Amino acid sequence: MAGKSGRAISAAPKDGLRSRILSWEGALVLIFLAVQIFGVSISPNYNFTNVLREMPKYLAEIFMLFGMACILILGDIDISVGSIVCLSATMACFAGNAGAPFPVVVLVCLGIGLLCGMVNGFLAIKLQELPTMIITLGTQIIFRGIAEVTLKSGGSVSMEDVAGLMQMGKKLGPFPLSLFFVVLTAVIFSVLLNRTVFGRELYAVGANKTAAYYAGIEVQKDRFICYSLLGGLAGVCGIFLLASLYGANTTTGSGFEMEVIAMCVFGGIATTGGKGNLTGAFIAAFVIVCIRIALGQRNINTQLILVIIGAMLIISVLLPTISNGLRAKKQKR
Amino acid sequence: MKKKLISVLVSAGMIAALLAGCGSSTPESSPASSGAAAAAEPAESADTAATDGAAETSGSGAAGHTYAIVTKAAGNPYMERMSSGFQGVIEAAGGTCIVQNPEAATADAQISVIQSLISQGVDSIAVAANDANALTAALTEAKDAGIQVLTLDSDVNAAARRTFCNQAGIQEVGQALIDAVYDLTGGKGQYAILSATSQATNQNAWIDAMKTIAENDDKYSGLELVEVAYGDDEPQKSTDQTQALLQNYPELKVICAPTTVGISAAAKVLQDQKSSVKLTGLGLPSEMAEYIGSDGAHSCPYMFLWNPIDLGKLAAYTSIALVDGTITGKAGDSFEAGDMENSPYTVTDMSDGTGTEIILGPPFRFDPDNIAEWAEVY
């Protein structure tokens, strides 16, 4: 079975402090600290309060990171999550405006997300010959299509009663409420991936699906569960997004899938499956968010910010190749 | 072993260098996004102005204050003209100007930008909203932080801003467009509307005004609106939608596109296909010059627009007046707007009674007689 650590940037033995620093997660911590120094040095407004104040919008996205990590570790992919966010937020708004009490609105949002995830999971296990990229491309269009049909020509819906949403958007001291939920979700998924049989099964399936199947792992059941979990988390993203948008429109959540996948890949999770861990993805998410906030405060053109994040992604994926190349050179000598 | 450690550090260093590199390039990138030159100096001083903005005593006019404008998205020539007008006035008045173009034409992207401006402690934010409701929370937060919030081009909920710089009264635009359709169809026949996104506030308001006017006056009873198509302000999608309209409605006489992206895409399709369908709407003169003409070889006999540069300028004068306390955004407030044609401007109540607005002026007609002259302006 392949190792759980992220990107191999060295052939060091897998124990001891040195290997910990040499691991990709260790490097990410250093990068995170570097980004903080960078942020403070380029923007006089880059401080604890402001970063936390700008964070809720990104935190909503980070919920999906954990489900996406599971899917990627399985060797699958799901590019429909942005549309699930749109559909669940839209339906939640309609439920709220139809007079449903706030807890029901939350349940509708999570329920629609879960349902969409289950549809993805069902299709993924029934259409095994199709790449999941194609299946979820289809559902991506379908889910957003349903949202667009529901929204009709107006194209947007807003919550009439925002009292509940304002509660969700509240802050405890400087900390946004959603941060606590993100951390809680991180802990739950960390235990799930690292301390349970289910978690180990995901790595086994991602490393070699056929071998895992013959080892008695219910591969298709695990895949279904992961898609459903991710769908549910997209619903969570939807409700927290509503807390800052107070409504939904046809563009809500567009592009989220790629941002979340980027965070995972930057965090060392291989899209080929079986490699990487949640810690790396979690730190990577905050690295990307902090870079966006810092550059934003410096009024850097947002397109340039995307270029920078894309470049970082490619460099991070190339790292093993670079370090292997260096090693090969050294051995030749 | 050591080599490997070094390789890790080198890699981390590369990333750090990449980041540092973009940090130092700020002054160049900022004017690039605003489309106007000579902004390196103001961009550099933006930080200092923003940090001690609170402590700054309100000196003469705009000096020492920071005024921000948030456009709908980058890569939209209309928005670029608007922000350059805004920037010109602010900088001439001695203020610091921040121009922000969100990465996509969505409310989400605008929220990130607004949050960042709150962190920077700017004095005012003028925003062309991508969604009427979704910005409410972010703009309310800005207001609570003591920032003067106004909208231009596309409005938000009245409670979330002081006032709205309206490029044209909804009624005035709706009337001009439906009259153009009436004229070009000869008073009878099918017409279609090619809009931007289905949730664009201003597009929907104008289209609704057109429909209402047509329904309430027998003069327009011969006109039949067959479809409102949405090109999402993307050239390719607008082209596809135009072709679909031509295919689905062979009897179509006129397409009315109240969006600059839509009208230029439709103009090209109609002219290339030598279609007999005529086009009107709201377009940018420089983009539409080759399509405007009264003969059969041109697809658009005439169209309308206001001057986006003037709209940006009006928003800039409004920002300055709000920040220095000349106006508070209440109906009846009045202020001078430099050398602008309709100055002084007065804040008025909106027709729906929810808030206030400042109307730039009636829409301007571009026809074969004046298009060459205006094409060089914007």
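All values reported here derive from a predicted model rather than from experimental measurement.

**Q** Help me out: how do you make sense of the overall build of chain A in this one?
**A** Looking only at helices and strands, one finds 15 helices and 4 strands in chain A. Here the C-alpha radius of gyration of chain A, 20 Å, is about what a compact globule of 333 residues would show, namely 20 Å. On the principal axes, the C-alpha backbone points of chain A span a range of 75 × 55 × 30 Å. When each of the 333 residues of chain A is scored for burial, the buried share is 56%. Relative to all contacts within chain A whose residues are 6 or more apart in sequence, the contacts with residues 24 or more apart total 78%.

**Q** In this structure, what is going on with the overall build of chain B? I would like to understand it.
**A** Regarding its fold elements, chain B presents 13 helices and 15 strands. Each of the 378 residues in chain B was classed as buried or not, and the buried ones make up 55%. Within chain B, residue pairs in contact and separated by at least 24 positions form 68% of the contacts whose partners lie at least 6 positions apart.

**Q** Honestly, unusual backbone geometry in this entry has me stumped. Any pointers?
**A** The bulk of non-glycine residues show a negative phi, and the bulk of peptide bonds are trans. Residues and elements named next belong to chain A. In the Ramachandran plot, Tyr246 falls in the positive-phi region, its phi being about 60° despite a non-glycine side chain. Mapped onto the secondary structure, Tyr246 falls in the loop between α12 (219–245) and β4 (247–249). Positive phi is not limited to glycine here, since Asn299 has a value of about 60°. Mapping Asn299 onto the fold places it in the loop between α14 (278–297) and α15 (302–332).

**Q** Would you take a moment to explain the sheet that holds strand β1 (residues 66–70) of chain B for this structure?
**A** Strand pairing in a sheet relies on backbone hydrogen bonds, with the paired strands running either antiparallel or parallel. All names here are of chain B. Pairing is mixed across the open sheet formed by 7 strands, whose spatial order is β2-β1-β3-β4-β5-β14-β13. Edge strands, defined here as strands with exactly one partner in the open sheet, are β2 (96–100) and β13 (348–349). Bridge analysis of β1 against β2 gives 5 bridges, and the strand direction is parallel. Of the residues in β2, the one forming a bridge with Val70 is Gln100. Contacts from helix α4 (residues 77–92) reach β1, β2 and β3 (124–127) within the one sheet, and its direction differs from that of β2 by about 165°. Its contacts with the sheet put helix α5 (residues 107–120) on β1, β2 and β3, and the angle it makes with β1 is roughly 175°.

**Q** Just to check I follow, could you spell out helix α4 (residues 56–73) of chain A for this structure?
**A** Structurally, the α-helix is built with 3.6 residues per turn, so residues lying three or four positions apart point the same way. Residue and element names in this part refer to chain A. Here α4 spans 27 Å end to end across 18 residues, near enough to the 26 Å set by a 1.5 Å rise per residue. At Gly67, α4 is deflected by roughly 30°, the largest bend along its length. A large share of α4 lies buried, amounting to 18 of its 18 residues. One or two steps after α4, the chain reaches Gly75, where phi turns positive at roughly 90°.

**Q** For this particular structure, what's the right way to read the packing of α4(B) against helix α12 (residues 308–323) of chain B?
**A** Between two packed helices, what matters for the description is the angle formed by their axes and the separation of those axes. Residue and element names in this part refer to chain B. At a minimum axis distance of 7 Å, the contact between α4 and α12 shows a crossing angle of 40°. Between α4 and α12, the interaxial angle falls into the category oblique. The handedness of the crossing between α4 and α12 is right-handed. Between α4, through Tyr78, Arg81, Met82, Ser83, Ser84, Gly85, Phe86, Val89 and Ile90, and α12, the contact on the second element is made entirely by Pro308, Ile309, Asp310, Leu311, Gly312, Lys313, Ala315, Ala316 and Tyr317. In terms of residue class, the contact of α4 with α12 is made up of 11 nonpolar, 4 polar and 3 charged.

**Q** Looking at this model, I keep getting lost on the domain arrangement of chain B. Mind explaining?
**A** Put simply, an interface is often sized by how much accessible area is lost when its parts join up. All names here are of chain B. Segmenting chain B into domains produces domain 1 (37–167 + 308–360) and domain 2 (170–305). Placing the centre of domain 1 and that of domain 2 at their C-alpha centroids yields a distance of 31 Å. Listed per partner, the contact involves 10 residues of domain 1 and 9 residues of domain 2. Considered class by class, the residues forming the side of domain 1 that touches domain 2 number 5 nonpolar, 2 polar and 3 charged.

**Q** Got a minute to help me understand the confidence of the model for chain B in this structure?
**A** For any part of a model where pLDDT is low, the fine detail of the predicted coordinates should not be relied upon. Residue and element names in this part refer to chain B. Residues with a pLDDT of 70 or more make up 84% of chain B, whose mean pLDDT is 83. β3 holds the highest mean pLDDT among the elements of chain B, 96, whereas helix α2 (residues 26–34) holds the lowest, 35. Contacts for the low-pLDDT stretch residues 17–59, under 50 throughout, to residues beyond four places or in other chains number 72 contacts. Our summary of model confidence lists the complex with pTM equal to 0.75 and ipTM equal to 0.82.

**Q** Just to check I follow, could you spell out the sheet that holds strand β9 (residues 278–281) of chain B for this structure?
**A** Residues and elements named next belong to chain B. Read across the sheet, 4 strands follow the order β7-β6-β8-β9 without closing on themselves; strand pairing throughout is parallel. Pairing within the sheet leaves two strands with one partner each, and these edge strands are β7 (223–230) and β9. Averaged over neighbouring strand pairs, the angle between their axes works out to 25° when direction is ignored. Where strand β8 (residues 252–257) and β9 come together, 4 bridges link them in parallel fashion. Among the inter-strand pairings, Val254 is bridged to a residue of β9, identified as Lys278.

**Q** Sorry if this is basic, but what is going on with helix α10 (residues 197–207) of chain A here?
**A** For α10(A), the set of buried residues is Gly199(A), Glu201(A), Leu202(A), Tyr203(A), Ala204(A), Val205(A) and Gly206(A). Buried residues along α10(A) sit against α4, α9 (177–195), α11 (209–214) and α12 of chain A.

**Q** I'm lost on the pairing of β1(B) in this one. Help?
**A** In regular strands, side chains alternate between the two faces of the sheet. Residue and element names in this part refer to chain B. Most of β1 sits out of view: 5 of its 5 residues are buried. Neither face of β1 is open: one carries Thr66, Ala68 and Val70, the other Tyr67 and Ile69, and all of them are buried. For the segment spanning β1, α4 and β2, crossover handedness is right-handed. In this structure, β1 lies alongside β3, joined through 4 bridges in parallel fashion. Its bridge partner being in β3, Val70 is matched across the sheet by Val127.

**Q** What is the right way to read the pairing of β2(B) from this model?
**A** Burial of β2(B) is extensive: 5 of the 5 residues sit out of reach of the surface. Burial of β2(B) is two-sided: the residues Thr96(B), Ile98(B) and Gln100(B) facing one way and the residues Cys97(B) and Val99(B) facing the other way are all buried.

**Q** Even after reading the chapter, I still don't get the packing of helix α5 (residues 81–97) of chain A against helix α7 (residues 132–151) of chain A, so can you show me in this structure?
**A** Residue and element names in this part refer to chain A. Their axes nearest at 8 Å, the elements α5 and α7 cross at an angle of 25°. Accordingly, the angle class assigned to the pair α5 and α7 is roughly parallel. Of the two possible hands of crossing, α5 and α7 adopt the one that is left-handed. In this structure, α5 contributes Ser83, Ile84, Cys86, Leu87, Thr90 and Phe94 to the contact, and α7 contributes Gln140, Phe143, Arg144, Ile146, Ala147, Thr150 and Leu151. Classifying every residue of the contact of α5 with α7 gives 8 nonpolar, 4 polar and 1 charged.

**Q** What exactly am I supposed to notice about the confidence of the model for chain A here?
**A** Residue-level pLDDT values for chain A average 89, and 92% of them are 70 or greater. Across chain A, helix α6 (residues 102–126) of chain A holds the top mean pLDDT of 96, while helix α1 (residues 16–22) of chain A sits lowest at 60.

**Q** Looking at this structure, I do not really get the environment of Leu28(A). What am I missing?
**A** Residues and elements named next belong to chain A. With respect to the helices and strands, the residue Leu28 is situated in helix α2 (residues 24–42). On the neighbour-count criterion, Leu28 (25 C-beta atoms within 10 Å) is buried. Sequence separation between Leu28 and Met258 is 230 residues; the distance between their C-alpha atoms is 20 Å. Here Leu28 is in contact with Gly267, Gly280, Ile283, Ala284 and Val287, once residues within four sequence places are set aside.

Cut-offs applied
Residues numbered from 1 in each chain as written. Chains lettered and ligands numbered in written order. Predicted model: local features only at pLDDT ≥ 70, side-chain atom pairs only at ≥ 80, totals over all residues. Helix = DSSP H or I, 4+ residues; strand = E, 2+ residues; numbered from the N terminus. Rg over C-alpha atoms; globule rule 2.2 N^0.38 Å. Buried ≥ 20, exposed ≤ 12 C-beta atoms within 10 Å, placed from the backbone. Contact = placed C-beta atoms within 7 Å. Pairing = 2+ DSSP bridges. Axes fitted to C-alpha atoms, helices over the stretch in contact; angles between N-to-C directions. Expected span 1.5 Å × (residues − 1). Bend = angle between axes of the 7 residues up to and from the residue. Parallel < 35°, antiparallel > 145°, perpendicular 65-115°, else oblique. Left-handed = near helix turned anticlockwise from the far one by under 90°. Nonpolar A, V, L, I, M, F, W, Y, C, P; charged D, E, K, R; others polar. Domains from an automatic or database assignment. pLDDT = per-residue confidence, 0-100. Right-handed = clockwise from strand over helix to strand, strands pointing away.

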